[in-house]
Amino acid sequence: MSQIVEHRRLAEAMLFAAAEPLTTAAVAALLGPGVDAASVIAEVQARYAGGGVELVAVAGGWQFRTAADLAPRLTRVIAQPRRLPRAAMEVLAVIAYQQPATRAEIEAVRGASLGQQTLDLLLEAGLIRSLGRKEVPGRPTLWATTTEFLTRFGLNDLSDLPRREELIVEGG
Amino acid sequence: MSQIVEHRRLAEAMLFAAAEPLTTAAVAALLGPGVDAASVIAEVQARYAGGGVELVAVAGGWQFRTAADLAPRLTRVIAQPRRLPRAAMEVLAVIAYQQPATRAEIEAVRGASLGQQTLDLLLEAGLIRSLGRKEVPGRPTLWATTTEFLTRFGLNDLSDLPRREELIVEGG
Amino acid sequence: MSAPGSLERAASTAPVLHLDGFDGPMDLLLELARAQKVDLARISIGALVEQYLAVVAEARAVRLELAADWLVMAAWLTWLKSRLLLPDDSEAAEEGGEASSLLAERLVALELMQSRAAWLAARPQLGRDVHPRGLPETLLQVDRSGLRLDLPGLLRGWVAVLRRQAAERRYVPPAPARWTVGDALAKLAAMLGRATTWIGFELMLPSAAAEADARGSSAEGHERSAAVAATLLAGLELARDGAAELRQDQPFGPILLRRREEAGR
């Protein structure tokens, strides 16, 4: 095999096996004195161009990387859903049972103030929606659950929710 | 770009990105139905043949590795693990060929006791694993090789180990 | 000096042995057999036995301690030698022949095993001779935007709300939205109607606002401010009309009110 091919192969292997990007100087050190590392690297780059793997210049040197255009097909997305925080779950329960309910009503039932963050979380998840305004001073927004809420909780209808007496033994 | 090139690029990128060997089935799953993954892989292999990085069949899958002939030059720059002592290599050979094997069986072949140090060394390197117990008095542990063993020694499966005839000629 | 398996020949024909280099007596026997330079199946067991016994005798002369298995093997080989010296047709000689072929078989097996180990050792090893990708890319993306929802969780939330409600037996009516000047006038009139002495301003405030103040609740701060303002305005109003007197002994000190005596006019 010719000298040139041999240099290219060595640089290729080196860049592949290295645990970090390699500078041209590091490749030059491997190839030994009298070898133009920059042109060897250019050759490696040319050989890989257009393939599924490319030699790219990154901060700190040269590195093989899968071609950027393939990323969407290569990336596997794993869904790791979060648990709804306890407060949000309670607010959702209050709305589900007492809908339509204003913020003040929800706060009164829970005995705790309702943060905007909690409301936003439920809105973003599509679990609640506004149902107009209550015609009292201040005209507060009325909140209700959505069809998405029923779907996500596997309910056909709001009446599927167990009644209060079924859940809690009075005086218990 | 043609379909064929696109498939090759995708398989190339997937195999390149992974640290572990990937099976043909895994590549097939990425390429989607109706694509002959085996022939796509063969194409990738051909494209890399003779380069500094090669696609090899190991442990039932495919993995990109630096070409073996470059080892002497790469060793100078890449840190390498300790060589396994002769006793450990012998024990490994006995287990590889006679698995699953008990300690007594290993000792009988070697005509020497199996030191704890040797066992620890092989276990730590992840080359052997216990495979239950042999149902004889004393219920001794049975030892077998691991996938890591195949990966490390570049074997596709245990049948890649040379047969007696193949070795005698070499050893002659 | 003592490379594994090394066997040096000194000036004499007796082999000088580094026992440390051998993995047990079988390993030494195999090395001695190999030195005969013939097919392992056709080695001279007699010669092998002599050599082994010589090596062990020499080793014992130099060092007293020698692992038991070396001595066990020496004893067995001595026994084998005695059998091999007997006439061919005796039963004991037959025993010897069987033992010899057993030994030869074990040496062949050992030789095979060692060549297998050598083959493995010569393989390019991952991480030593060949290398995997040094910078693998993780093509997994974790999507944590989703929510894990379950009906039991929802019901647990509702039950928690109900329990808390049940625990707070006392029902506290919400405070009126705003304490107006009109409200304050009515309350002042009612309180001063009975009073003959100075009354603290605080007592004139609506009860909810006073409570909120006591709890230090900032949420109801606005309500309290409104009530204080309304009550002060109402007090000033009554004073202007000549129905009440206000007193503050020092700046920011407590404000006191009392009904204005008709006689004092």
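Our subject is the structure listed above.
As the structure is a computational prediction, the values presented were derived from the model and not from experiment. (Residues numbered from 1 in each chain as written. Chains lettered and ligands numbered in written order. Predicted model: local features only at pLDDT ≥ 70, side-chain atom pairs only at ≥ 80, totals over all residues. Heavy atoms only, no water.)

(A) A look at the packing of aromatic side chains. Tallying each qualifying case throughout the model produces 11 aromatic pairs over all chains. Note on A:Phe149 and A:Phe153: the rings are 4.9 Å apart at their centroids and 45° apart in plane angle, and the pair reads as tilted. You can call A:Phe149 buried: its relative accessible area is 0%. Ring geometry for B:Tyr48 versus B:Phe64: centroids 4.6 Å apart, planes at 55°, classification tilted. With a gap of 16 residues between them, B:Tyr48 in helix α3 (residues 37-48) and B:Phe64 in strand β2 (residues 61-66) connect regions that are remote in the sequence. No difference in accessibility class separates B:Tyr48 from B:Phe64, as the two residues are buried. When the ring centre of B:Tyr97 is taken as origin, the NZ or CZ atom of C:Arg116, which lies over that ring, is 3.6 Å away. The ring of C:Trp198 is capped by C:Arg247, whose NZ or CZ atom sits 4.9 Å from the centre of that ring. (Phe/Tyr/Trp six-rings, centres within 6.5 Å; stacked < 30°, edge-to-face > 60°. Buried < 20%, exposed > 50% of the residue type's maximum accessible area, 1.4 Å probe, protein only. Helix = DSSP H or I, 4+ residues; strand = E, 2+ residues; numbered from the N terminus. Lys NZ or Arg CZ within 6 Å of the ring centre and 35° of its normal.)

(B) Highlighting the sheet that holds strand β5 (residues 199-200) of chain C. Taken together, three strands build an open sheet; the order of strands is β5-β7-β6 (chain C) and the sheet is antiparallel. Two strands lie at the open edges of the sheet, namely β5 and β6 (244-248) of chain C, each paired on one side alone. (Pairing = 2+ DSSP bridges.)

(C) Examining unusual backbone geometry more closely. Cis geometry marks the peptide bond from A:Gln99 to A:Pro100, where omega comes out at -5°. Secondary-structure assignment places A:Pro100 in the loop between α5 (86-98) and β5 (101-102). Here the phi dihedral of B:Arg139 falls at roughly 40°; this positive angle occurs in a residue that is not glycine. Note on placement: B:Arg139 falls in the loop between β3 (128-133) and β4 (141-145).

(D) How the structure looks around the interface of chain A and chain C. Tallying the contact residues gives 41 residues for chain A and 31 residues for chain C. A buried area of about 3,800 Å², summed over both sides, lies between chain A and chain C, and 62% of it is on carbon and sulfur atoms. Put simply, chain A and chain C have one salt bridge between them. Seen at the junction of chain A and chain C, the total is five residue pairs in polar contact (both at pLDDT 80 or more). Counting residues per element, the ones that place at least two in the side of chain A that touches chain C are α1 (3-17), β2 (61-66), β3 (76-79), β4 (82-83), α5, α6 (103-110), α8 (147-152) and α9 (164-167) of chain A. Here the element with the most residues in the side of chain A that touches chain C is α5(A); it accounts for seven residues. Among the residues making up the side of chain A that touches chain C, the classes are represented as 27 nonpolar, five polar and nine charged. (Contact = heavy atoms within 4.5 Å. Buried area = accessible area lost by both parts, 1.4 Å probe. Salt bridge = Lys/Arg side-chain N within 4 Å of Asp/Glu carboxyl O. Polar contact = N/O pair within 3.5 Å; in protein donor to acceptor, adjacent residues only side chain to side chain. Nonpolar A, V, L, I, M, F, W, Y, C, P; charged D, E, K, R; others polar.)

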